[in-house]
Amino acid sequence: MDIPYTVKDRPDTGLYNGKLGVWLFLASEVMLFGGLFSAYIFLRTGVDTWPRGADILDVPLATLNTLFLITSSVTMVMSWASLKLKDLAKFKLYAGLTLLLACAFLVVKYFEYTHKFHVGLFPSTNTFLGIYFTMTGLHVLHIIGGIIVIFYFWMPGSKMWESDPERFTNRIEIVGLYWHFVDLVWIFLFPVLYLL
Amino acid sequence: MSTDHHKESFLTKYIFSTDHKIIGLQYGITSLVWLLFGFMLMMIMRYQLAYPESPIPFVGALLGESGILPSEMYNSLGAMHGTIMIFLGVVPLAFGAFGNYFLPLQIGTIDMAFPKLNAASYWIYFLGSVVMVIGFFVPGGAANSGWTSYPPLADIATMGQTVWLFGMVFLITSSLLGSVNILVTVIQLRAEGMTWMKLPIFTWTQFITAFLLLLAFPPLEAAGILQLMDRLVGTSFFMPSGLVVSGEILKYTGGGSPLLWQHLFWFLAHPEVYVLILPAFGIVTEIVANNTRKPIWGYKSMVYAMVFLGFMSFIVWAHHMYLTGMGTSIGAFFQTTTMIISIPSVVILTTLFLSLWGGSIRFNTPMLFALGFIPMFGIGGLTGLPLGLAAADIHLHDTYYVIGHFHYVVAPGTIFALFAGIYYWFPKMTGKRTNETLGKLHFFFSFIFMNGVFMPMFVQGLAGVSRRLWDGGEIYAHAADVLYLNEVMSVSAWLLGLAQIFFIANMIISLRGKKTGEVNPWGATTIEWTDTTSPPLGHGNFEIVPNVYRGPYEYNVPGADKDFTPQSEKG
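Residues numbered from 1 in each chain as written. Chains lettered and ligands numbered in written order. Predicted model: local features only at pLDDT ≥ 70, side-chain atom pairs only at ≥ 80, totals over all residues.

Where do I start with the overall build of chain A in this structure?
When helices and strands are tallied, chain A shows 7 helices and 0 strands. Sequence-ordered secondary structure for chain A, helices as α and strands as β, is α-α-α-α-α-α-α. For chain A, the spread of C-alpha atoms along the principal axes amounts to about 60 × 35 × 20 Å. In chain A, which comprises 196 residues, the share counted as buried stands at 36%. The contacts in chain A between residues at least 6 apart in sequence include a share of 75% that link residues at least 24 apart. (Helix = DSSP H or I, 4+ residues; strand = E, 2+ residues; numbered from the N terminus. Buried ≥ 20, exposed ≤ 12 C-beta atoms within 10 Å, placed from the backbone. Contact = placed C-beta atoms within 7 Å.)

Written as structure tokens, this is what we have:
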């Protein structure tokens, strides 16, 4: 006996298990970042002065990073769509591009961080920098997690395409959902930390 | 999973198993060990409270030359008692063990939706519990800022606090995996015909509990990350400006808020209360219906009350914080929501009471524990009402009254329900029966001594004795009249510990006994008892996965040939 609905949708819910699972996981993630955004609001309203993000942080670099992530979300969808069209080569291309863009994001972030440290701005310098490093740092951890999973499906994991193409396509859909969430978190982080 | 019965090694069958029943047992045994350990910590503390500054027998040698429990150590034991009982004991037992083992059986599926994640959930919990205990061996001892870890104290506490935070990250991850698994299993894997309003109450409670864990734990993880940043990187999220400790201004930039921690912490910890109590409701409901041999009175109102309870539990958290000066209008809001949330709790308890009415009750061991649960939870719940109102709470806050209140909910409440569940489902897990005499001795002694421990706390608390006092209030004049109760409580606690020997002996004797071969010894209606191979169950649970045709509690249906009609019976 196999566990039902691992690949096919359950008729009355219209979902397969993994997809529902990742949506619930993302609900939990919303609460995690929601807690941090609430903490940000709480801390900011509790003090008299709060620096303007743009005065300390590098807005052009962050804009570039936003472009990287949004584009990576598009390529992620394209990789899934390619599998739906039964085109593994195209999938490899788009998933590879997603990885490239994600790594580009990390490189830019690396330069941002090291520049801050270089000019003596640390998480302990003030609460604004503290929350900036905490939230973007946690986001970077999510990016790294995404890179590991996408890389796995890009190289060794793609063998499943031969044995069970439908399940493999589902897996890419699930990774995609996660990746869009990580992208979305950045779209909130960017204005809140850099612009407001 | 395959149907062919290939031989498995001990390691894959019992240690790294992905079978929900084995994982349930792993959770169960581990959490029972932690419950005992957490209780032992308290038995040590109770000696210091009853006989302040006298050497502690048996374990005194471990505490240093004098054998007296040092005050720093007392703080550590207190913090770890709370942490271990809640996060390593009761929740893993109620949710991890019972949920894993019985929920898939009750909804008629062959396993959880994600068996590998399930195994990962257990092993991450196990690692988390090991990390928690490592705390005892780092310089300065285990976490000593209370199980609530309030900053700024927790920010500047010894290294044990950092270990505690890392332990919590493991436990939160484990509970995330477990709750996603339970939710997907209930939504996706219900057997043919098992519609939402045919779900047994136990499954409903696990389902709502899973939602609470899924959504309430992450804010604590956020808070934990912020506290780790404070402790390791030197940020000051929870450090106010100009904090002075021992006459010196701390080297933090300041600008943070200790109140922020309390908000994030209680945003978890209030739903956590319902995580502790909801599975207990579920277990007790199953047993009450089974042993009164009649349907639960008000199944639907119970389900709606539980859903409402789960929802409301997210908007009452600040009633733990009336003394923080957060403002009267916020206080008014949280007092109102707190009064509202008592309504569904009363609905649930009332349905249980009314379900007893007119039943021909079988007083077996599980039923005794279930019957014990109802009034004990009632006391716990009713004594909570004054704490929900700021005017009374300002007097009672941080006194032994609060300790008495929540222990009545969790100890003779939830833990009685968990014992009831163990006795009730023991034949399902092993194919054997427990010894009724030992079970009843276990119940009556536990019942008496539980009250002996917790009832005097109300008296002390109303007299104004604070919690977390190393000497039990000896130096305070206002405590002098009620100080004798410390000894009453301590002796009761040790006797309560001895009473658990009946339970351990019962488990050992019963496990060594013969299989009875009965598939449905209690004459129960829910499908974990029907259409199965004779227990204990193998892989796959059911020979043929049953279809469900009727509600979960059809006892004594008029015109039926026996006094119970299983859910899987047509007609």
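I would appreciate a short explanation of the interface of chain B and chain A in the present structure.
Often, the extent of an interface is quoted as the loss of accessible area upon association of its parts. In this complex, chain B contributes 36 residues to the contact, which on the side of chain A involves 31 residues. Counting residues per element, the ones that place at least two in the side of chain B that touches chain A are helix H5 (160-188), helix H6 (201-233) and helix H7 (258-292) of chain B. When residues in the side of chain B that touches chain A are grouped by element, the largest group, 11 residues, is from H6 of chain B. For the side of chain B that touches chain A, a count of residues per class yields 23 nonpolar, 11 polar and 2 charged. (Nonpolar A, V, L, I, M, F, W, Y, C, P; charged D, E, K, R; others polar.)

Sorry, what's going on with the nonpolar core here?
Burial of nonpolar side chains together is a common tendency in soluble globular proteins. Residue and element names in this part refer to chain B. Ranked by internal contacts, the top residues of the largest apolar core, which has 206 residues, are Leu183, Val284, Ala370, Phe373 and Ala420. Ranked by residues supplied to this core, first place goes to helix H3 (residues 71-107) with 21 residues. The contact partners of alanine 370, leaving out residues within four places of it in the chain, are Val284, Ile287, Val288, Ala417 and Ala420. (Core = buried A, V, L, I, M, F, W, Y, C linked by C-beta atoms within 7 Å.)

Would you explain the packing of helix H9 (residues 328-356) of chain B against helix H10 (residues 365-382) of chain B in this entry?
The packing of two helices is summarised by the inter-axis angle and the distance between the axes. Residues and elements named next belong to chain B. In the contact formed by H9 and H10, the axes pass within 11 Å of each other and the chain directions differ by 160°. Between H9 and H10, the interaxial angle falls into the category roughly antiparallel. H10 is crossed by H9, and the crossing has left-handed handedness. Contacts between H9 and H10 involve Ser345, Leu349, Leu352 and Phe353 from the former and Ile374, Phe377, Gly378 and Gly381 from the latter. (Axes fitted to C-alpha atoms, helices over the stretch in contact; angles between N-to-C directions. Parallel < 35°, antiparallel > 145°, perpendicular 65-115°, else oblique. Left-handed = near helix turned anticlockwise from the far one by under 90°.)

In this structure, what is going on with H7 of chain B? I would like to understand it.
Residues separated by three or four positions in an α-helix point in the same direction, a consequence of the helix having 3.6 residues per turn. Taking 1.5 Å per residue as the helical rise, H7 of chain B with its 35 residues ought to reach 51 Å, and the 51 Å between its terminal C-alpha atoms agrees with that figure. Judged by how many residues are buried, H7 of chain B sits mostly within the fold: 31 of 35 residues are covered. (Expected span 1.5 Å × (residues − 1).)

Even after reading the chapter, I still don't get the environment of lysine 432 of chain B, so can you show me in this structure?
Within the fold, lysine 432 of chain B resides in the loop between helix H13 (400-430) and helix H14 (436-462). On the basis of neighbour counts, which here come to 20 C-beta atoms within 10 Å, the residue lysine 432 of chain B falls in the buried class.

Which parts of the structure should I look at to understand the confidence of the model for chain B?
A low pLDDT means the predicted coordinates there should not be read in detail. Across chain B, pLDDT averages 93, with 98% of residues at or above 70. The ipTM assigned to the predicted complex is 0.96, against a pTM of 0.95. (pLDDT = per-residue confidence, 0-100.)

When you look at the environment of tyrosine 252 of chain B in this model, what are you seeing that I'm missing?
Residues and elements named next belong to chain B. For tyrosine 252, the location among the structural elements is in the loop between strand E2 (248-249) and H7. Owing to 22 C-beta atoms within 10 Å, tyrosine 252 belongs among the buried residues under this scheme. Separated by 11 residues in the primary sequence, tyrosine 252 and serine 241 place their C-alpha atoms 7.7 Å from one another. In contact with tyrosine 252, not counting residues within four places along its chain, are Ser236, Met239 and Leu243.

Would you explain unusual backbone geometry in this entry?
Where the residue is not glycine, phi is negative for most of them; where a peptide bond is considered, it is trans in most cases. For the peptide bond that leads from proline 151 of chain B to proline 152 of chain B, omega is 0°, which places it in the cis range. Relative to the helices and strands, proline 152 of chain B is located in the loop between helix H4 (115-134) and H5.

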